[in-house]
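As a plain string of letters, each chain reads:
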Amino acid sequence: MKKPLYKIILLFLFSAVLLAGCAMGPRAESAPGLSADESAVYVSYMQHVYKVDAKIGTELWRFPAAGTVQVVFYAPPLLNEGSVFVGDLANKFHKLDSANGSEIWNFSEGKGWFQARAAMDGVLVIAPSSDRSVYALNADGSLKWKYSSEFGFLAEPLLLEDAVIMAGLDHYLVALNKETGELLWKTELKGALIAAPAFDPATGNLFVGSLGNELVSINSKDGSLNWTFGQNGEITAIYATPLIVGDSLMFADESGKIFSLNRATGSVEWTLDAGSEIIAGILPLEDSFVIALEKGELRAYKLADRSPLWTRTINGKLYTTPVVSSDKIVVAVTRGDALLQAYDLAGNPVWSFTPAR
Amino acid sequence: MWDTLIIQPFTNVLLAITMVVKNFGVAIILFTLLIKLITYPLTAKQLKQTAAMQKLQSDPRYKKMMEKYRDNKEKLAEEQMKLYKETGVSPFGSCLPTLIQLPIIIGLYQSIIKAMAATPLEIFRLERLIYPFLDATKILPIQSRFLWMDLGQPERLPILGIQIPVLAIIVVATTWLQSKAMEPPTTGAGDQAAAMTKSLNIYMPILMGWMAYSLASGLALYFLVSNVATVVQYSAQGRANWSRLFPWIKTKAPEPVPAPAPALPEEDEDDEDEEPEPPKPVSKPSARAAVKQQRPQYKRKK
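First, a word on what this report is: a plain description of the structure on this page. (Residues numbered from 1 in each chain as written. Chains lettered and ligands numbered in written order. Predicted model: local features only at pLDDT ≥ 70, side-chain atom pairs only at ≥ 80, totals over all residues. Heavy atoms only, no water.)

A look at helix α4 (residues 60–68) of chain B
All names here are of chain B.
Part 1 of the reasoning: Listing the buried residues of α4 in full gives Arg-61, Tyr-62 and Met-65. Take α4 and look down its axis: the buried residues cluster within an arc of 105°, on one side only.
Part 2 of the reasoning: Tucked inside the fold, the buried residues of α4 contact α3 (40–57) and α5 (73–87). (Buried < 20%, exposed > 50% of the residue type's maximum accessible area, 1.4 Å probe, protein only. Helix = DSSP H or I, 4+ residues; strand = E, 2+ residues; numbered from the N terminus. Arc of directions from axis to C-beta. Contact = heavy atoms within 4.5 Å.)

Rendered as structure tokens:
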């Protein structure tokens, strides 16, 4: 081989590798983040946040208009009075105009990824980050307070009257003063907490599951434990927020078992074995509920007797809790043919959405 | 199959080390060193074979053969194979250990990525990889803090308000150090392999530095430990070419690794003039002389 030719080939190969290297974004994979209002669904996936018309499945806008691989979105957007709040994996938290997707402000003091849905109370926005901090932001995006821990936060904050409840990867459920961010109490669980607790306003009790194969009821006033379910190995890891239905508490564990517990005592009312792994939360409908199995199956059951209503198979994996908008059940698909699949309440396919390139 | 045989065991060993030492950064260092230790026999074999091949290629008769059959590739290949056979040097001898090591190195890299699960989906996948006898509830999540770094994020050290990518700089330095220490002696002005090595000595540190700058610092830490361990392995084999790095150091030239074959066979009469002279003793050998001394000298049978 002649020397110049060899040099050109080497230079070409090097340039190709270097350019590929330049294109490196955050090295992380996650499931789409999904939220909905009455007429639209908002999905965060890869380089964009999309607003999609829930009736017909067409894209209304995307943010940013021209995405880059360096900025990736997986956090479910928070929707509040014409605004969309969403964090990215480039350590920024954005406020967008819900009408057109234009950015109003961004907060860039975070040092890690924003993966959880934020929460809002009046003008205060609480944004958890995997940089081990929870950020409380003012209406203009400036920092009001910050709470730091030993591990990151993947769960959505739960806002109570005076407190912010945070489920942490450090196995702790903590209550923070909403105004100052000071720690009010903390309760240790057996495993890491991936999802937010459910709150019963009538009793003031919190219900949260962990990767430690347990579901607990905790008093929101002082963090004291009411009851624990799973001590005898009845359940596996829990990745989603439990669902309060009447006097009961419903949740699915990783192995695919669905439980209904008495909220007051934690005793089992009924169980249902879906036979396959479940990561997503349960979607409640009027007199039925829908579960999304990881293997790509959407199932609806009658709430009264758990009799199956319908089953739909989807090409792809399901890790995201489905949402309802415009009387459509919308499910976000990971590694599937489409990013979103919509069904009517009887389970008939209505539309699918694949982002245009 | 790949996950079951390579990724799962590797990830579990890494997590088990993490449980023992209670520090993921230290676990990455120990795990990388452990893998380097396990693959050391393969590395040693590869180095021996490479040395034997270099020895053969630096022989004047090999060069003459290359020159003679320059325009006849078929004949050249035939003659080369004949020579390989006669001397017992396998042209693929250094490739095979590398090929065996490759899945191990890839597995090591991937298991570190798996263990640094940072999203719910990655945690779920990691949880499924953990063997039942390791208590996943106690392991997860992994504390990714190590020294000033968050091993799940690209590393920067704030110095006087400037975010300095210290680890990336060290990775560039150690990759260059490794390349220079491993650089084989040149066999002539037109040595294409040497030219390629020279180019790689420039490009590889830049590439590795860029990756260390952009990727999670846990991986950059792995690059760093791997570089240092490789240099140490080369030194242990007497193959590190320190004179290239530090010309002012009068190092004793590493002894050439003996080829697994006897000296080259007799050649035609006209080769007589080509016989290399034995190296002249030099009282104060320069770096160049030290390198020259490394070149094998074949003695002809009388």
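Re the sheet that holds strand β16 (residues 183–188) of chain A
Residues and elements named next belong to chain A.
Part 1 of the reasoning: If you walk across this open sheet you meet the 4 strands as β13-β14-β15-β16, and the pairing is antiparallel. Pairing within the sheet leaves two strands with one partner each, and these edge strands are β13 (158–159) and β16.
Part 2 of the reasoning: Across 5 bridges, strand β14 (residues 163–167) lies against strand β15 (residues 172–177) in antiparallel orientation. Looking at β15, one finds that Ala-167 is bridged to Leu-173. (Pairing = 2+ DSSP bridges.)

What about the side chain of Glu214(A)?
All names here are of chain A.
Part 1 of the reasoning: Position of Glu-214 among the secondary structure elements: in strand β19 (residues 214–219).
Part 2 of the reasoning: In this structure, Glu-214 is buried with no salt-bridge partner, the nearest side chain bearing the opposite charge being Lys-190 at 4.6 Å.
Part 3 of the reasoning: At a separation of 2.5 Å, a polar atom in the side chain of Glu-214 contacts the main-chain amide nitrogen of Lys-190. (Lys, Arg positive; Asp, Glu negative; His and termini not counted. Salt bridge = Lys/Arg side-chain N within 4 Å of Asp/Glu carboxyl O. Polar contact = N/O pair within 3.5 Å; in protein donor to acceptor, adjacent residues only side chain to side chain.)

Quick word on the packing of helix α9 (residues 166–182) of chain B against helix α11 (residues 217–236) of chain B
All names here are of chain B.
Part 1 of the reasoning: Closest axis-to-axis distance for the α9/α11 pair is 9 Å, and the angle between their directions is 25°. Between α9 and α11, the angle is such that the two are roughly parallel. Taken as a pair, α9 and α11 cross one another with a handedness that is left-handed. Across the interface between the two elements, Leu-167, Ile-170, Val-171, Thr-174, Thr-175, Leu-177, Gln-178 and Met-182 of α9 pack against Ser-217, Ala-220, Leu-221, Phe-223, Leu-224, Asn-227, Val-228, Thr-230, Val-231 and Tyr-234 of α11. (Axes fitted to C-alpha atoms, helices over the stretch in contact; angles between N-to-C directions. Parallel < 35°, antiparallel > 145°, perpendicular 65-115°, else oblique. Left-handed = near helix turned anticlockwise from the far one by under 90°.)

Section: the interface of chain A and chain B
Part 1 of the reasoning: Chain A puts 41 residues into the contact, and the matching count from chain B is 34 residues.
Part 2 of the reasoning: Together chain A and chain B conceal approximately 3,400 Å² of surface at their shared face, both sides included; 59% is due to carbon and sulfur atoms.
Part 3 of the reasoning: Taken together, chain A and chain B are joined by 5 salt bridges.
Part 4 of the reasoning: Arg128(B) is the partner of Glu277(A) in a salt bridge, and the nearest nitrogen-oxygen pair spans 2.7 Å.
Part 5 of the reasoning: Run the count over chain A and chain B and you get 13 residue pairs in polar contact (both at pLDDT 80 or more).
Part 6 of the reasoning: Taken together, the residues of the side of chain A that touches chain B sort by class into 21 nonpolar, 10 polar and 10 charged. (Buried area = accessible area lost by both parts, 1.4 Å probe. Nonpolar A, V, L, I, M, F, W, Y, C, P; charged D, E, K, R; others polar.)

Things to note about the sheet that holds strand β24 (residues 268–273) of chain A
Residue and element names in this part refer to chain A.
Part 1 of the reasoning: In spatial order, the strands read β21-β22-β23-β24; together these 4 strands make up an open sheet with antiparallel pairing. Edge strands, defined here as strands with exactly one partner in the open sheet, are β21 (243–245) and β24. Strand after strand, the sheet turns through a mean of 20° between neighbouring axes, direction not considered.
Part 2 of the reasoning: Pairing geometry for strand β23 (residues 257–262) and β24, over 5 bridges, is antiparallel. Across the sheet, the residue bridging to Lys-257 is Asp-273, located in β24.

Brief notes about the nonpolar core
Part 1 of the reasoning: Membership of the largest hydrophobic core comes to 54 residues, with the highest contact counts inside it found for Tyr239(A), Phe24(B), Ile112(B), Ile123(B), Ile130(B) and Leu151(B).
Part 2 of the reasoning: Contributions of two or more residues to this core are made by α1 (2–21), α2 (24–38), α6 (95–115), α7 (120–129), α8 (136–139), α9, α10 (192–214) and α11 of chain B.
Part 3 of the reasoning: With 6 residues, the top contributor of residues to this core is α11(B).
Part 4 of the reasoning: Composition of this core by domain shows at least three residues from each of domain 1 (1–143) and domain 2 (147–254 + 283–302) of chain B.
Part 5 of the reasoning: Setting aside its immediate chain neighbours within four residues, Ile123(B) contacts Leu154(A), Leu169(A), Ile194(A), Leu211(A), Tyr239(A), Ala117(B) and Leu140(B). (Core = buried A, V, L, I, M, F, W, Y, C linked by side-chain atoms within 4.5 Å. Domains from an automatic or database assignment.)

What about the environment of Glu59(A)?
All names here are of chain A.
Part 1 of the reasoning: When you line up the elements, Glu-59 lands in strand β4 (residues 59–63).
Part 2 of the reasoning: A relative accessible area of 28% places Glu-59 in the partly exposed class.
Part 3 of the reasoning: When the C-alpha positions of Glu-59 and Val-41 are compared, they lie 9.7 Å apart, and in sequence the two are 18 residues distant.
Part 4 of the reasoning: The contact partners of Glu-59, leaving out residues within four places of it in the chain, are Tyr-50, Lys-51, Val-52, Phe-353, Pro-355 and Ala-356.

Quick look at unusual backbone geometry
Part 1 of the reasoning: Backbone torsion omega between Phe63(A) and Pro64(A) reads -10°, so that peptide bond is classified as cis.
Part 2 of the reasoning: Tracing the backbone shows Pro64(A) in the loop between β4 and β5 (78–80).
Part 3 of the reasoning: The omega torsion of the bond from Leu140(B) to Pro141(B) falls at -10°, within 30 degrees of zero and hence cis.
Part 4 of the reasoning: Following the sequence through the fold, Pro141(B) ends up in the loop between α8 and β1 (145–146).
Part 5 of the reasoning: For Met46(A), which is not glycine, the phi dihedral falls at a positive 55°.

Here's the deal with a nonpolar patch on the surface
Residue and element names in this part refer to chain B.
Part 1 of the reasoning: Together, Trp-2, Leu-96, Leu-99, Ile-100, Leu-102 and Ile-106 make up a nonpolar patch on the protein surface, roughly 550 Å² of accessible area in all.
Part 2 of the reasoning: Sorting elements by how many residues they give to the nonpolar patch places α6 first, with 5 residues.
Part 3 of the reasoning: Tracing the sequence through the fold places Leu-102 in helix α6.
Part 4 of the reasoning: Here Leu-102 falls in the partly exposed class, since its relative accessible area comes to 41%. (Patch = residues over 30% accessible without salt bridge, like charges linked within 9 Å, V, L, I, M, F, W, Y side chains within 5 Å. Areas by Shrake-Rupley, 256 points an atom, 1.4 Å probe, with all protein chains shown as cover.)

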